[in-house]
Amino acid sequence: MKCHTFCSVWLLPAILSLSLHSVSSQISIDRQLLFEIQKIKAIDDHAHVLPARNPDLSEGERPDPLGKTPFEYPVRLRVNNPEYVDTWHALYGYTHHDMAADHAREALKAKLRLMIEKRTEYPSWVLDQAGIEAILVNMPLLGPGQNAPRFFWVPRADGFLFPFASEEERINWFRKEVGLDTQPSSMGEYLDTLRRQLDRWKNAGTVAIKFAIAYVRPLDFARVPDDEANRIFEHVRQDKKLSTHDSKTLQDFLFHFMAREAGRRGLAVQIHTGIGAQPYFDIAGSNPMLLETTFNDTALRQTKFVMLHGGWPFDREAGAMLIKPNVYADFSAQVFLRSTEALSQTLRAWLEWYPEKILFGSDAYPDDTPLANWEEKLWLASRTSRQALALALSQMMRAGQITRPRAVELARMVLHDNAAKLYGLETH
Ligand SMILES: [Zn+2]
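Residues numbered from 1 in each chain as written. Predicted model: local features only at pLDDT ≥ 70, side-chain atom pairs only at ≥ 80, totals over all residues. Heavy atoms only, no water.

Caption draft 1: Broad picture of the overall build of the chain. For the chain, the count of helices and strands is 15 helices and eight strands. Its C-alpha radius of gyration of 22 Å places the chain within 12% of the 22 Å reference for a compact globule of 428 residues. With respect to the principal axes defined by its C-alpha atoms, the chain has extents near 70 × 55 × 40 Å. For the chain, the proportion of its 428 residues judged to be buried stands at 57%. Intrachain contacts of the chain at a sequence separation of at least 6 include 73% that bridge at least 24 residues. Carbon and sulfur atoms make up 53% of the accessible area of the chain, which totals about 17900 Å². Side chains of the chain give 50 positive and 53 negative charges; the mean places of these two sets differ by 3 Å. (Helix = DSSP H or I, 4+ residues; strand = E, 2+ residues; numbered from the N terminus. Rg over C-alpha atoms; globule rule 2.2 N^0.38 Å. Buried < 20%, exposed > 50% of the residue type's maximum accessible area, 1.4 Å probe, protein only. Contact = heavy atoms within 4.5 Å. Areas by Shrake-Rupley, 256 points an atom, 1.4 Å probe, with all protein chains shown as cover. Lys, Arg positive; Asp, Glu negative; His and termini not counted. Charge placed at Lys NZ, Arg CZ, Asp CG, Glu CD.)

Caption draft 2: Inspection of the coordination of the zinc ion at higher detail. Surrounding the zinc ion are the protein donor atoms His46 (NE2), His48 (NE2) and Asp363 (OD), at 2.0 to 2.1 Å. Sequence spacing of the donor residues for the zinc ion, all on one chain, is H-x1-H-x314-D. With His48 in the loop between β1 (42–47) and α3 (83–92) and Asp363 in the loop between β8 (358–359) and α14 (374–398), this residue pair connects regions lying 315 residues apart in the sequence. Judged on exposure class, the residue His48 and its partner Asp363 are both buried. (Donors = N, O, S within 2.8 Å, 3.2 Å for Na, K, Ca; no water.)

Caption draft 3: Structural view of the environment of Lys111. In this structure, Lys111 sits in helix α4 (residues 101–118). Accessibility expressed as a relative area gives 3% for Lys111, which makes it buried. Considered as a pair, Lys111 and Gly60 are 51 residues apart in the sequence and their alpha carbons are 8.9 Å apart. In this structure Lys111 touches Tyr92, Tyr122, Pro370, Leu371, Asn373, Glu375 and Glu376, once residues within four positions along its chain are discounted.

Caption draft 4: The pattern of salt bridges, seen in detail. Inspection of the entire model under this criterion finds 31 salt bridges. The partner of Arg404 in a salt bridge is Asp30, and the shortest N-O contact between them spans 2.8 Å. Pair noted here: Arg404 is in helix α15 (residues 404–423) and Asp30 is in the loop between α1 (6–17) and α2 (31–38), with a separation of 374 residues, a long-range link. Across the salt bridge formed by Arg62 and Asp368, the nearest N and O atoms sit 3.1 Å from each other. Within this pair, whereas Arg62 is found in the loop between β1 and α3, its partner Asp368 is found in the loop between β8 and α14, the two being separated by 306 residues in sequence. Judged by its relative accessible area of 21%, Arg62 is partly exposed. The network of salt bridges with shared partners includes Asp192, Arg195, Asp199, Arg260, Glu261, Arg264 and Arg265. (Salt bridge = Lys/Arg side-chain N within 4 Å of Asp/Glu carboxyl O.)

Caption draft 5: Looking closely at the sheet that holds strand β7 (residues 327–330). Ordered by their spatial adjacency, five strands build an open sheet running β4-β5-β6-β7-β8, and the pairing between neighbours is parallel. Two strands lie at the open edges of the sheet, namely β4 (208–211) and β8, each paired on one side alone. Summarising the sheet, strand β5 (residues 268–272) and strand β6 (residues 305–308) pair through four bridges and their orientation is parallel. Bridge pairing in β6 places Ile271 opposite Met307. (Pairing = 2+ DSSP bridges.)

Caption draft 6: Focus on the packing of helix α5 (residues 122–130) against α14. Following both chains from N to C, one finds α5 and α14 inclined at 25°, their axes separated by 9 Å at the closest point. Taken as axis vectors, α5 and α14 run roughly parallel relative to one another. By crossing handedness, the relation of α5 to α14 is classed as right-handed. Taking contact as the criterion, the partners of Tyr122, Pro123, Val126, Leu127, Gln129 and Ala130 in α5 are, on α14, Trp374, Glu375, Leu378, Trp379, Ser382 and Arg386. When its residues are assigned to classes, the contact of α5 with α14 shows eight nonpolar, two polar and two charged. (Axes fitted to C-alpha atoms, helices over the stretch in contact; angles between N-to-C directions. Parallel < 35°, antiparallel > 145°, perpendicular 65-115°, else oblique. Left-handed = near helix turned anticlockwise from the far one by under 90°. Nonpolar A, V, L, I, M, F, W, Y, C, P; charged D, E, K, R; others polar.)

Caption draft 7: Structural view of the side chain of Thr303. In this fold, Thr303 is placed in the loop between α10 (292–296) and β6. Within the structure, Thr303 has its side chain in polar contact with the backbone oxygen of Ala259 (distance 2.7 Å). When sequence neighbours within four positions are dropped, the list of residues in contact with Thr303 reads Ala259, Arg260, Gly263, Val269 and Asn326. (Polar contact = N/O pair within 3.5 Å; in protein donor to acceptor, adjacent residues only side chain to side chain.)

The values reported here are purely geometric and, on their own, carry no functional implication.
What follows is the structure, given as structure tokens:
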């Protein structure tokens, strides 16, 4: 990224807000190294952050200022995680040290006032507080206050794996999301539709497309000959029912097509790997090892793949995949699902293997949890990531594996430079 005027504005609060006190018990962190890491302006590889809005202050009167999660979340994501108090201190000037409803309501009102006061500057202001220079946003669209060179749109492409309307609600929703509402008349016409959409996305400034397909089926995409895909396409066109087997085969073919065409256009392909945001998500089907056929495919060598969430709990398997020259991993979501120490162990293993392929990511997303929302998750993700990196790199320094200058360089690569290079973003 070019260093625009915002750099000088946000750097100082970012340093100050990422306080040392919460890591004081982790004596193995090198303080000087952590201080250096806190100054690095990050690129967030994956998030679902919201645009600016003009809220009503009465929202701050809700009886449950902490809100409710859609299901029983894991510990660090729960609204009563005391780490959120740190985020309120840093973001909203909160003066209390507890989460009592009356006190929390003060934080919420301060937050709403900031949203109203800052208007379209609010999303960038939040990034500033978290020390984040640019962010890749996976949402249906970008909105007010979300513009380049700080916000980049990553559209979801799953709908294109389903050329025909389905009885499954989620599949029709995926189709609708990419604008599919009719049956295609031929395979050739359908593939042209896909090419045109990729061109439109590229021209709109997107740097990657995303597949969340592990929410629907396992990631074992086979290589399918054109004839076989054509046969299935014609079968359905003649009003014959699509078998489960043929449906998978057609999805495999279209995934391969999309991945290849995206690569030709310089668009990276992000794939959700590892645990999902639902209790009955098929965790085994999201193992990045299932992608090995895709990663090894000679026709896809031009395509850069990013394993979102670094496959956790299959982080070792995701790490092994980094040996493929066109495969990368971010550790988004791991930053709030795991402890700083647990995350640092994964980062150390990856740093000892292919440090050029590791990307910082938050996966910050909105919920009906006004004080544990995308802003707080983003701030906390930034702090956890920097602490986990500092811990892993401190240990590597002490073990004599790396020098101090190399430790800072590796942190810079993970937090910023690897993503800048992968997506072709201008660096500061
Ligand atoms: Zn996500």
